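# Structural description and commentary
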Amino acid sequence: MKKILISALLISAFSGVQAQKINLGKAAGVVSKGASALSFSNADAVKLSKESVDYMDKNNPIAGPKDPYTVRLNKLFGKHKSQDGLNLNYKVYKVKDINAFACADGSVRVFSSLMDIMTDDELLAVIGHEIGHVKNEDTKDAIKSAYLKAAALDAASSASSTVATLNESQVGKMANEFLDASHSKKQESQADTYSYDFMKANNYNVVGAYTAFKKLALLSEGGTAQSGFQKMFNSHPDSNKRAEAVKKRAEKDGLWKDPGTVTLPTTKLTK
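Residues numbered from 1 in each chain as written. Predicted model: local features only at pLDDT ≥ 70, side-chain atom pairs only at ≥ 80, totals over all residues. Heavy atoms only, no water.

By the naming in an unreviewed UniProt entry, the protein goes by Peptidase and is assigned to Chryseobacterium piscium.

### What to know about the pattern of salt bridges
Taken as a whole, this structure holds 15 salt bridges when the rule is applied. Residue Lys135 pairs with Asp84 through a salt bridge whose shortest N-O separation is 3.8 Å. Highlighted residues: Lys135 in helix H5 (residues 120-135) and Asp84 in the loop between strand E1 (82-83) and strand E2 (86-87), separated in sequence by 51 residues. Residue Lys135 is classed as partly exposed on the basis of its relative accessible area, which comes to 36%. (Salt bridge = Lys/Arg side-chain N within 4 Å of Asp/Glu carboxyl O. Helix = DSSP H or I, 4+ residues; strand = E, 2+ residues; numbered from the N terminus. Buried < 20%, exposed > 50% of the residue type's maximum accessible area, 1.4 Å probe, protein only.)

### Focus: H5
Helix length check: H5, at 16 residues, gives a terminal C-alpha distance of 22 Å against a target of 22 Å (1.5 Å per residue), a fit within 8%. With 13 of 16 residues buried, H5 is to be regarded as a mostly interior element. Just past H5, the residue Glu137 takes up positive phi, approximately 65°. (Expected span 1.5 Å × (residues − 1).)

### With respect to the packing of helix H6 (residues 138-151) against helix H8 (residues 168-180)
Their axes nearest at 8 Å, the elements H6 and H8 cross at an angle of 135°. Overall, the two elements H6 and H8 adopt an arrangement that is oblique. Taken as a pair, H6 and H8 cross one another with a handedness that is right-handed. On H8, the residues that touch Thr139, Ala142, Ile143, Ala146, Tyr147, Lys149, Ala150 and Ala151 of H6 are Gln170, Lys173, Met174, Glu177 and Phe178. (Axes fitted to C-alpha atoms, helices over the stretch in contact; angles between N-to-C directions. Parallel < 35°, antiparallel > 145°, perpendicular 65-115°, else oblique. Left-handed = near helix turned anticlockwise from the far one by under 90°. Contact = heavy atoms within 4.5 Å.)

Shown next as structure tokens:
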């Protein structure tokens, strides 16, 4: 999962957006020497993920319980707080970045600007994808890599190390590295499959996954307005190919309904 940035020119197309870019504080610029030998348990992943999310929660505006963003998210995912053996908690960051992520501790964070351009079915698909990364333990790999970079461990020292306590600056660095982490193509494909199965099992409209990918494709296409845009899920096949994969499976399952031409909304969808 990559952090999504979109230029002010495109953001201005969504009227009334009151948000800011995600804030990770003044994290130290520690460069990792690279390490992979650290003994890293699921409990370690949960602990460090919670520290990272707590840090981001403190440094970013969170939609309150009566905020339209929170109300909408709870309406969609209130019944999925216990999903597939996972205990999940959901919050909305009111920021301009377009993204959503989930962590090993079950924290799911959705960015308001993503909710502004995605329909309910599309949000179900995108967040279902992120839940898939948790279920498949991809987020464990991501937080381990982020921790190693934040702690500046080398292969020799990490081989016999246990997870150390990080200072605030290192936690900020870890949160930043986690957001910038990319999963393998295999992990992304498996999360796509999880999302589709999640939609199908809950009788949601699986075509929402198709239109979500089509919107991401539109955002990632050239032009001055998207010059600062980083492709969501950029480590695996492009969004148009992912959309076609959803269409093919939906047709096979008898669930395909042609949505027509997919376009970006000119006004925000969260009221």
